[in-house]
Amino acid sequence: MSTSSTSSSSSSSSDDVVDSEQIKIITLAKQYLDGRTSSNASRQKNPCRTCTLKGHDWVVDVLQGHPEIMHGLRDDHGLTGSTNVSILEMVAMFIYTLGHAQSNRDIQERFQHSGAPISRLFHKVLLAVMKLSEEIIKPCVQYSLHETPRYIRDHAKVEYHICFKDCIGALDGCHISAIVSPENKPKYVGRKGVPTQNVLAVCDFDMMYTYISVGWPGSTHDSRVLEHSLRVERLTFSKPPLGKYYLVDVGYANRTGFLAPYKGERYHVPKKWRILNSMTSFHIRTQSMIVIACMALHNFIRLHVAGDVDFVDIDSPI
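Residues numbered from 1 in each chain as written. Predicted model: local features only at pLDDT ≥ 70, side-chain atom pairs only at ≥ 80, totals over all residues. Heavy atoms only, no water.

## Quick word on the packing of helix α5 (residues 104–111) against helix α6 (residues 115–136)
- Relative orientation of the contacting elements α5 and α6 amounts to 105 degrees, with a least axis distance of 9 Å. When the axes of α5 and α6 are compared, the pair comes out roughly perpendicular. Counted together, Asn104, Ile107 and Gln108 of α5 and Gly115, Ile118 and Ser119 of α6 form the full contact between these two elements. (Axes fitted to C-alpha atoms, helices over the stretch in contact; angles between N-to-C directions. Helix = DSSP H or I, 4+ residues; strand = E, 2+ residues; numbered from the N terminus. Parallel < 35°, antiparallel > 145°, perpendicular 65-115°, else oblique. Contact = heavy atoms within 4.5 Å.)

Structure follows, in C-alpha cells:
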C-alpha cells in the first residue's frame, strides 16, 4: 500500500514537472511569435522602382538632346527595340552597367524595369556591340604600319621622332577581375591572388585599340598569350613590318618587333569602365565579351565624341 502510494505520488510530481516545462515552452513560443508579429507590423517595406523619371526620359535628360551617339548599333548592326523599351534606353542600360558596374537590381531602380527584361536586353545589346567590335578594333586603314605615326611625326619634341619613329603602338597584358565557379578558380588565380582573366591589348598612338585577346585564365603567362596571337590569330593580329616594333610590358622578352622598356617602367591600359575592376556574376564567356565590348565602346567614343575627358591630354596642343 505504501509502495503504491509512493509510486502514485512520484508519477503526479513527474506530471507536474512535464506540465510546467510545456507551459514554459508554450509561453516562450507565444512571446516569440508575438514579437515577430509586432516587428512585421511596424516594419515598412521600401518600395522599388520609385524614380520620378522613367528610363527613357532619364536617358534623354542625361544626354541633353544628343541621343544619336549609338544609332550605329541600330543602323549598321541590327539592334532593334522592344515594345516597352527603345533602342536608346537599351543602349543606355548597357553602358550604365559597364560604366558603373551596376547590378541588375540597380538597373531596375534606375530605369524602372523588372529584372528579366533587363537581363535579356543587356545580352541583346552585347551581341550588337560584338558585331561593332569586329569592324572597329583593328588598325586604322588611313595609316600604314610602314609609316611613322602622326602623333610621333608631329610631336614638338625632336627626341620623340628620333626614338619612336619606328614604333607602331604599345602592347600590354592586363588582368581583369573574373567571377568563376569553385572548380575553375585555381587556374584563374594568378599573381594577383584573386580570380582574373588575362587580357592582351594593342593600342596605337591615337589611343585606339587595334587588337585584343581575352578569356585567358589569370594563371596564364603573358608570353603564352602573345605566342598564341602570333601563331594562331595571325590573320587578325598585325605583326610589325620589318624595322618596326611594338613597345611591350616588362612581362615580355625583347625580340624582333617587340621592345620591352627599361626595368621598372610600366605601361597600363586605362580603365574607363568600372565593370573591369568589379566584374559581376555573368558566365565567364559573357565576361570575356564584356571586355571586348568595353574596348569597342572606347574606340567608338574616340572616333565620334569630341572633347571626351579621357582624350583631352592627347588632343591638347603639344
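Moving on, there is more to tell.
## Focus: unusual backbone geometry
- Here Ala101, not a glycine, exhibits a phi torsion of approximately 50 degrees, which is positive.
- Its identity is not glycine, yet Met207 carries a phi of approximately 60 degrees, on the positive side.
- By secondary structure assignment, the location of Met207 is in the loop between β2 (196–203) and β3 (209–217).

## A few points about the confidence of the model for the chain
- Of the residues in the chain, 70% have a pLDDT of 70 or more, and the chain-wide mean is 78.
- β3 holds the highest mean pLDDT among the elements of the chain, 94, whereas helix α1 (residues 2–42) holds the lowest, 54.
- Low confidence marks residues 1–8, where pLDDT is under 50. Its contacts with residues over four positions away, or in another chain, come to 0 contacts.
- Contacts for the low-pLDDT stretch residues 39–43, under 50 throughout, to residues beyond four places or in other chains number 0 contacts. (pLDDT = per-residue confidence, 0-100.)

## Things to note about the sheet that holds strand β5 (residues 258–259)
- The mixed open sheet is built from 5 strands, whose spatial order is β3-β2-β1-β4-β5. Every interior strand has two partners, whereas the edge strands, β3 and β5, have only one.
- The sheet contact formed by strand β4 (residues 245–248) and β5 spans 2 bridges and is parallel. Residue Tyr246 lies in a different strand from β5, and its bridge partner there is Phe258.
- Across the sheet, helix α10 (residues 222–231) lies against β1 (167–177), β2, β3 and β5, angled at about 120 degrees from β3, the strand it touches most. (Pairing = 2+ DSSP bridges.)

## Thoughts on helix α11 (residues 284–304)
- Its 21 residues place the ends of α11 30 Å apart at the C-alpha level, agreeing with the 30 Å of an ideal helix rising 1.5 Å per residue.
- With 17 of its 21 residues buried, α11 lies for the most part within the structure. (Expected span 1.5 Å × (residues − 1). Buried < 20%, exposed > 50% of the residue type's maximum accessible area, 1.4 Å probe, protein only.)

## Topic: the pairing of β2
- With respect to burial, β2 is a largely interior element, 7 of its 8 residues being buried.
- Here β1 runs beside β2; their pairing, made up of 8 bridges, is antiparallel. Along β2, the bridge assignment pairs Ile176 with Gln197.
- Here β2 runs beside β3; their pairing, made up of 6 bridges, is antiparallel. Each bridged residue has a counterpart across the sheet, and for Ala201 the counterpart in β3 is Ile212.
- Remark: 5 residues form the turn of the hairpin made by β2 and β3, two consecutive strands paired antiparallel; Met207 in that turn has positive phi of roughly 60 degrees.

## Brief notes about the nonpolar core
- Phe94 and Leu98 are the most contacted members of the largest nonpolar core, which totals 45 residues.
- Secondary-structure elements contributing two or more residues to this core are α4 (87–100), α5, α6, β1, β2, β3 and α11.
- Looking at this core element by element, the count peaks at 11 residues for α11.
- With sequence-adjacent residues up to four places away left out, Leu98 is seen in contact with Phe122, Trp273, Arg274, Ile275, Ile290, Ala293, Cys294 and Leu297. (Core = buried A, V, L, I, M, F, W, Y, C linked by side-chain atoms within 4.5 Å.)

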